[in-house]
Amino acid sequence: MNIKDIQTAARIINDGGLVAFPTETVYGLGANALNPIAVAKIFALKERPSFDPLIVHIGSFDDLQMLSDQPAELVIKLAEKFWPGPLTIVLPKSRIVPDIVTSGLPTVGIRMPDNEIALNLIRTSKCPIAAPSANKFGNLSPVSSCHVKKQLPNVDFILDGGRTRIGIESTIVSIDGNVCTLIRPGKITIDEINDALPGVFVFNTNESHKLIAPGLLKSHYSPAKPLYLYKYHKTPIPAKSGLILHCVNNRIPDCERVIYTSRNNNLHEVAANLFSSLHAMEDDEQIKQILIEPVIEEGLGIAIMDRIKKAVFKYESIN
Ligand code: TXA
Ligand code: MG
């Protein structure tokens, strides 16, 4: 990455503008987290409801101290184990964090991304950067700069870091005293979090947590054309269908186009290629509807199915 691009991007952040940048998960749409007017521009450009709080991205452990007074021992344990990396920790915020960032909640979600460009941008800007995924609210998450341009052509600047490595958003946990709750599944699994916190029971998300994670809606991440779940050789395939599969089989079903996310159900490959295959089908004018195979809901498969279920939610089943 060109150092000049980083400097230009940092200047835009410091002037209250918006910069899209790569992380290891998906592209983010960033603003200076301490500037409420800049943060308001994120909500406007994304058309995001104001009740959906933003994640603050940091470049050092000092930033964690600044954004939260006296982070709990559990927070430090998780941060030391998983940062930089795809884990967002929700914890009580300090007064320095503007209310617009947290949608008025007394807590803030913080993560240190594991991406050279993202860390360089935060450190050169010398401020924490609030950033949701760089897509229109409810649409497909971006895993390349082209995906960002497609949905947000008016963003002030895009740092291009190629395709993102992990491909789905970070795992989110909240820490309240000695209690850890999984809010959104991601690359880091609940088993890995349990292992990192011996003696602590990690709660899984349930209905009551909708209250603490207002952005978690049932419908999300949807392409601009109908998307259905596909059961191999059971689901009928209408004309002009695009099929997304995760394993190469001998007999290819009869359809307009097939994209494989993996040759052999490798869940890391499926996650890395999930949103890019949905974008490719969305962009293909020959395709009228998309069918996608489910994966087994274990390990990383839990996060992948979370995204797939939310993406198909608003479309009726064709079974
Ligand atoms: O990997 C990621 O996490 C990406 C990259 C750009 O870092 N970001 C991302 O942000 O996925 P976004 O805005 O698409 O999702 C943020 C979600 C919110 O919808 C909400 O569910 C949760 O994080 N969240 C943020 N702050 C919270 C808080 N204080 N309490 C509860 N949930 C919070
Ligand atoms: Mg998002």
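Residues numbered from 1 in each chain as written. Chains lettered and ligands numbered in written order. Predicted model: local features only at pLDDT ≥ 70, side-chain atom pairs only at ≥ 80, totals over all residues. Heavy atoms only, no water.

**A closer look at helix α9 (residues 267-283)**
Reasoning step 1: The end-to-end C-alpha distance of α9, which contains 17 residues, comes to 24 Å, matching closely the 24 Å that a straight helix rising 1.5 Å per residue would cover.
Reasoning step 2: At Asn 273, α9 shows its maximal bend, which comes to roughly 40°.
Reasoning step 3: Inspection of α9 places Val 270, Ala 271, Ala 272, Leu 274, Phe 275, Ser 276, Ser 277, Leu 278, His 279, Met 281 and Glu 282 among the buried residues, and these make up the whole buried set.
Reasoning step 4: Among the structural elements, α7 (145-151), β11 (227-229), β12 (241-245), β13 (257-260), β14 (289-292) and α10 (300-312) are those in contact with the buried residues of α9.
Reasoning step 5: Here α9 starts with a cap whose side-chain oxygen sits 2.9 Å from the backbone nitrogen of His 268, and that cap is Asn 266. (Helix = DSSP H or I, 4+ residues; strand = E, 2+ residues; numbered from the N terminus. Expected span 1.5 Å × (residues − 1). Bend = angle between axes of the 7 residues up to and from the residue. Buried < 20%, exposed > 50% of the residue type's maximum accessible area, 1.4 Å probe, protein only. Contact = heavy atoms within 4.5 Å. Polar contact = N/O pair within 3.5 Å; in protein donor to acceptor, adjacent residues only side chain to side chain.)

**Some points on the sheet that holds β14**
Reasoning step 1: The sheet built from 4 strands is open, its strands ordered β11-β14-β12-β13 with parallel pairing. A strand with exactly one partner marks an edge of an open sheet, and here the two such strands are β11 and β13. Averaged over neighbouring strand pairs, the angle between their axes works out to 20° when direction is ignored.
Reasoning step 2: Relative to β14, β12 runs parallel, the two being bridged by 4 bridges. By the bridge assignment, Leu 243 is partnered in β14 with Leu 291.
Reasoning step 3: Contacting β11, β12, β13 and β14, α9 runs over the sheet at an angle of about 165° to β13.
Reasoning step 4: Lying over the sheet, α10 contacts β11 and β14, oriented at roughly 125° with respect to β11. (Pairing = 2+ DSSP bridges. Axes fitted to C-alpha atoms, helices over the stretch in contact; angles between N-to-C directions.)

**Some thoughts on the packing of aromatic side chains**
Reasoning step 1: In the structure shown here, the tally under the stated rule is 4 aromatic pairs.
Reasoning step 2: Ring geometry for Phe 61 and Trp 83: centres 6.1 Å apart, planes at 45°, overall tilted. Of this pair, Phe 61 sits in helix α3 (residues 61-67) while Trp 83 sits in the loop between α4 (73-82) and β4 (87-92); the two residues are 22 residues apart in sequence, bridging distant segments of the chain.
Reasoning step 3: Owing to a relative accessible area of 35%, Phe 61 belongs among the partly exposed residues under this scheme.
Reasoning step 4: A ring pair is formed by Tyr 230 and Tyr 232, whose centres lie 6.1 Å apart and whose planes are at 75°; its orientation type is edge-to-face.
Reasoning step 5: Taking relative accessible area as the criterion, Tyr 230 reaches 1% and is therefore assigned buried.
Reasoning step 6: Classification of Tyr 232 as partly exposed rests on a relative accessible area of 25%. (Phe/Tyr/Trp six-rings, centres within 6.5 Å; stacked < 30°, edge-to-face > 60°.)

**With respect to the pairing of strand β2 (residues 28-32)**
Look at any regular strand and the pattern is simple: side chains alternate between the two faces of the sheet.
Reasoning step 1: With respect to burial, β2 is a largely interior element, 5 of its 5 residues being buried.
Reasoning step 2: Where strand β1 (residues 19-21) meets β2, 3 bridges bridge the pair, whose relative direction is antiparallel. In the strand pairing of β2, Ala 20 is matched with Leu 29.
Reasoning step 3: With antiparallel pairing between neighbouring strands as the criterion, β1 and β2 make up a hairpin whose turn holds 6 residues.

**Here we look at the pattern of salt bridges**
Close approach of charged atoms lets side chains of opposite charge pair.
Reasoning step 1: For the structure on display, the rule yields 12 salt bridges.
Reasoning step 2: Between Arg 257 and Asp 284 there is a salt bridge, with the nearest N and O atoms lying 2.8 Å from each other. Note that Arg 257 is positioned in strand β13 and Asp 284 in the loop between α9 and β14, a separation of 27 residues in sequence.
Reasoning step 3: Here Arg 257 falls in the partly exposed class, since its relative accessible area comes to 30%.
Reasoning step 4: Judged by its relative accessible area of 16%, Asp 284 is buried.
Reasoning step 5: Residues Lys 309 and Glu 297 are paired through a salt bridge, measuring 2.9 Å at the closest nitrogen-oxygen approach. In this pair, Lys 309 sits in helix α10 while Glu 297 sits in the loop between β14 and α10, placing the two residues 12 residues apart along the sequence.
Reasoning step 6: Owing to a relative accessible area of 41%, Lys 309 belongs among the partly exposed residues under this scheme.
Reasoning step 7: Taking the relative accessible area as the measure of exposure, Glu 297 reaches 43% and is therefore partly exposed. (Salt bridge = Lys/Arg side-chain N within 4 Å of Asp/Glu carboxyl O.)

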